[in-house]
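Listed here are the chains, written in short residue letters.
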Amino acid sequence: MPELPEIETILRGLGPALVGHRIAAVTVHDHRLRGGVAAGFAGRLTGRRIEALGRRGKYLLATLDDGWCWLMHLGMSGQLLLGAADGPARPHDHVHVILDDGRILVYHDPRRFGRMAVVDRAQLERETGAGIDPLVDDLTAAALFQMTRRRRTSIKALLMDQRRVAGLGNIYVNEILFRAGVRPRRRAGMLTRAACGRIVTATHRVLAEAIRRGGSSIADYRDGFGRAGRFQQRHRVYDRAGLPCRRCGHPIRTVVIVGRSSFYCARCQR
DNA sequence: CGCACCCCCTGCCGGC
DNA sequence: TGCCGGCAGGGGGTGC
């Protein structure tokens, strides 16, 4: 579910609400998330103060007052919801974090593809540090051009590879390539410098607009307070197979690239 | 190196 | 109506 704009929306909402607060209690109702929730997880969080909340790619990171880092990934169906008080536990509410003022942060994740761990700096770097984050780092046309040289893979697969560009997923890569006028199957290594420039510009514009609209809610994405996003209303190609292109009217085509549905306009994208 | 094909898991939708 | 297959915003591993 959540890609960079959704995680950024959650970060901007929850950051001011969480930073400075101490964690009073933690309950893990189901440890079967990706990689498993470690036995000592609750103990490492309990009593700690949240010094900062940040993001890298699709990871959320809370810096703790003992120098360790609380790492969160929402997978496909994860939600992080801050509530006033502890209500009845719903199905798939796997982790409850009670704050010093009584508010509760619930991690809800039907598919359990998310991840939750307390890690040190080295492990944090190993898990999140590889790719260029278009908001945190400087993703330039020159950097993308260099990254794509001699790569035989498609530009879509390359942009979705978190070790190269961090934070983009299936929705946003489709939308970015439409706005850049580049077909998703194009070989990365064959792209011109100008095409790389258009992709970088489109990346920054799409992400900025998506964040401004609170992310994309296709089925179940919600921000930290349970609110849906509105960027799905601005999607040009994602999930629009057969529908007319919003720019030229040509039907949107769909094709599978490295196992993921891809959508493009054969007239607007070359 | 790149990709096809597995896995993880639940929910939803369309076809029969 | 109910069942079944396919698909869904994530990542990881293996083997060719």
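As a convention, each chain's residues are numbered from 1 in the sequence order in which they are written. Each chain takes a letter, starting from A, and each ligand takes a number, starting from 1, following the order in which they are written. Totals for whole chains, interfaces and linings use all residues, but because this is a predicted model, local features are given only for residues with pLDDT of at least 70 and pairs of side-chain atoms are given and counted only at 80 or more. Values shown for side chains rest on all heavy atoms present in the structure; no hydrogens or waters enter the calculation.

1. A word on helix H7 (residues 193–212)
Three- or four-residue spacings in an α-helix give side chains the same orientation, since the helix completes a turn every 3.6 residues. Every helix listed is a DSSP run of H or I at least four residues long, and every strand listed is a run of E at least two residues long, numbered separately from the N terminus. The span one expects for a helix is its residue count, reduced by one, times 1.5 Å. When the terminal C-alpha atoms of H7 are compared, their 29 Å separation across 20 residues agrees well with the 28 Å that a helix rising 1.5 Å per residue should span. Listing the buried residues of H7 in full gives Ala-195, Cys-196, Gly-197, Ile-199, Val-200, Ala-202, Thr-203, Val-206, Leu-207, Glu-209, Ala-210 and Ile-211. Once H7 finishes, Gly-214 follows within two positions and takes phi at roughly 75 degrees, a positive value. A simple rule labels every residue: compare its accessible area, found with a 1.4 Å probe on the protein chains alone, to the largest value its type can have, and call it buried under 20%, exposed over 50%, or partly exposed in between.

2. What to know about the domain arrangement of chain A
Entries for chain A in the domain assignment read domain 1 (4–128) and domain 2 (141–264). For every domain, the bounds stem from an assignment made automatically or drawn from a database. In this structure, domain 1 and domain 2 have C-alpha centres spaced 28 Å apart. Note on contacts: a residue pair is in contact if any heavy atoms of the two residues lie within 4.5 Å. Between domain 1 and domain 2, the residue contacts involve 17 residues of the former and 19 residues of the latter. Summing both partners gives a buried area of about 1,500 Å² for domain 1 against domain 2, and 65% of it is carried by carbon and sulfur. One speaks of a salt bridge when a side-chain nitrogen belonging to Lys or Arg is within 4 Å of a carboxyl oxygen belonging to Asp or Glu. The interface formed by domain 1 and domain 2 holds 0 salt bridges in total. Any pair of nitrogen or oxygen atoms within 3.5 Å is treated as a polar contact; in protein, a donor-acceptor pairing is required on top of that, and neighbouring residues in sequence qualify only through side-chain atoms on both sides. At the junction of domain 1 with domain 2, the criterion picks out 7 residue pairs in polar contact (both at pLDDT 80 or more). Every element with two or more residues in the side of domain 1 that touches domain 2 is listed here: helix H1 (4–18) and strand E5 (79–83). Under the convention adopted here, Pro, Cys and the residues Ala, Val, Leu, Ile, Met, Phe, Trp and Tyr are nonpolar, Asp, Glu, Lys and Arg are charged, and Gly plus all remaining residues are polar. For the side of domain 1 that touches domain 2, the residue count by class is 8 nonpolar, 5 polar and 4 charged. By buried area we mean how much accessible surface two parts lose on assembly, using a 1.4 Å probe and totalling the loss over both.

3. Side note on the protein's contact with DNA strand B
Working definition: residue near molecule or strand if any one of its non-hydrogen atoms lies within 4 Å of it. DNA strand B sits among His-92, Pro-110, Arg-111, Arg-112, Phe-113, Arg-151, Arg-152, Thr-153, Ser-154 and Val-258. In DNA strand B, atoms within 4 Å of the protein come 66% from sugar and phosphate. Between DNA strand B and Pro-110, the relevant distance is 3.4 Å, taken from a sugar or linking oxygen to a main-chain nitrogen or oxygen of the residue. Between a sugar or linking oxygen of DNA strand B and a side-chain N or O atom of Arg-112, the distance comes to 2.8 Å. The residue inventory of the surface near DNA strand B, partitioned by class, reads 3 nonpolar, 3 polar and 4 charged.

4. Section: the packing of aromatic side chains
Both the distance between ring centres and the angle between the ring planes are used here to describe each pair of aromatic rings. Ring geometry is summarised as follows: Phe, Tyr and Trp rings, the Trp one being its six-membered ring, pair when their centres sit within 6.5 Å, and such pairs are stacked at plane angles under 30 degrees, edge-to-face over 60 and tilted between the two. The final tally for this structure, using the stated rule, is 2 aromatic pairs. Ring centres of Tyr-172 and Phe-231 lie 5.8 Å apart, and the angle between their planes is 25 degrees; on these two criteria the pair is classed as stacked. With a gap of 59 residues between them, Tyr-172 in helix H6 (residues 170–180) and Phe-231 in the loop between H7 and strand E9 (253–257) connect regions that are remote in the sequence. For the residue pair Tyr-172 and Phe-231, the accessibility class agrees, reading buried in each case.

5. Observations regarding the nonpolar core
Membership of the largest hydrophobic core comes to 38 residues, with the highest contact counts inside it found for Leu-144, Ile-155, Leu-159, Leu-168, Tyr-172, Val-182 and Ile-199. Listed by contribution, the elements that provide at least two residues to this core are helix H4 (141–148), helix H5 (155–160), H6 and H7. Of the residues forming this core, the biggest block, 9 residues, is contributed by H7. Take the buried residues of types Ala, Val, Leu, Ile, Met, Phe, Trp, Tyr and Cys, join any two whose side-chain atoms come within 4.5 Å, and each joined set is a nonpolar core. One finds Leu-11, Leu-14, Ala-17 and Leu-105 within the second-largest nonpolar core, a separate group that totals 30 residues.

6. Description of the pattern of salt bridges
Applying the stated criterion across every chain yields a total of 19 salt bridges. A salt bridge links Asp-65 to Arg-22; the nearest nitrogen and oxygen atoms lie 3.2 Å apart. Here Asp-65 is found in the loop between strand E3 (59–64) and strand E4 (69–73), whereas its partner Arg-22 is found in the loop between H1 and strand E1 (23–28), with 43 residues between them in sequence. Residues Asp-30 and Arg-32 are paired through a salt bridge, measuring 2.9 Å at the closest nitrogen-oxygen approach. Of the residues examined, Asp-30 reaches a relative accessible area of 13% and is grouped as buried.

7. A look at unusual backbone geometry
Even without being glycine, Arg-112 reaches a positive phi, approximately 60 degrees. Relative to the helices and strands, Arg-112 is located in the loop between strand E7 (104–108) and strand E8 (115–119). The class for Arg-112 is partly exposed, based on a relative accessible area of 27%. One non-glycine residue, Val-258, adopts positive backbone phi at about 35 degrees. Mapping Val-258 onto the fold places it in the loop between E9 and strand E10 (260–264).

8. Some points on the environment of Leu-11
Relative to the helices and strands, Leu-11 resides in helix H1. The spatial distance from the C-alpha of Leu-11 to the C-alpha of Gly-114 is 16 Å, given a sequence separation of 103 residues. With sequence-adjacent residues up to four places away left out, Leu-11 is seen in contact with Pro-16, Leu-53, Gly-54, Arg-55 and Leu-60.

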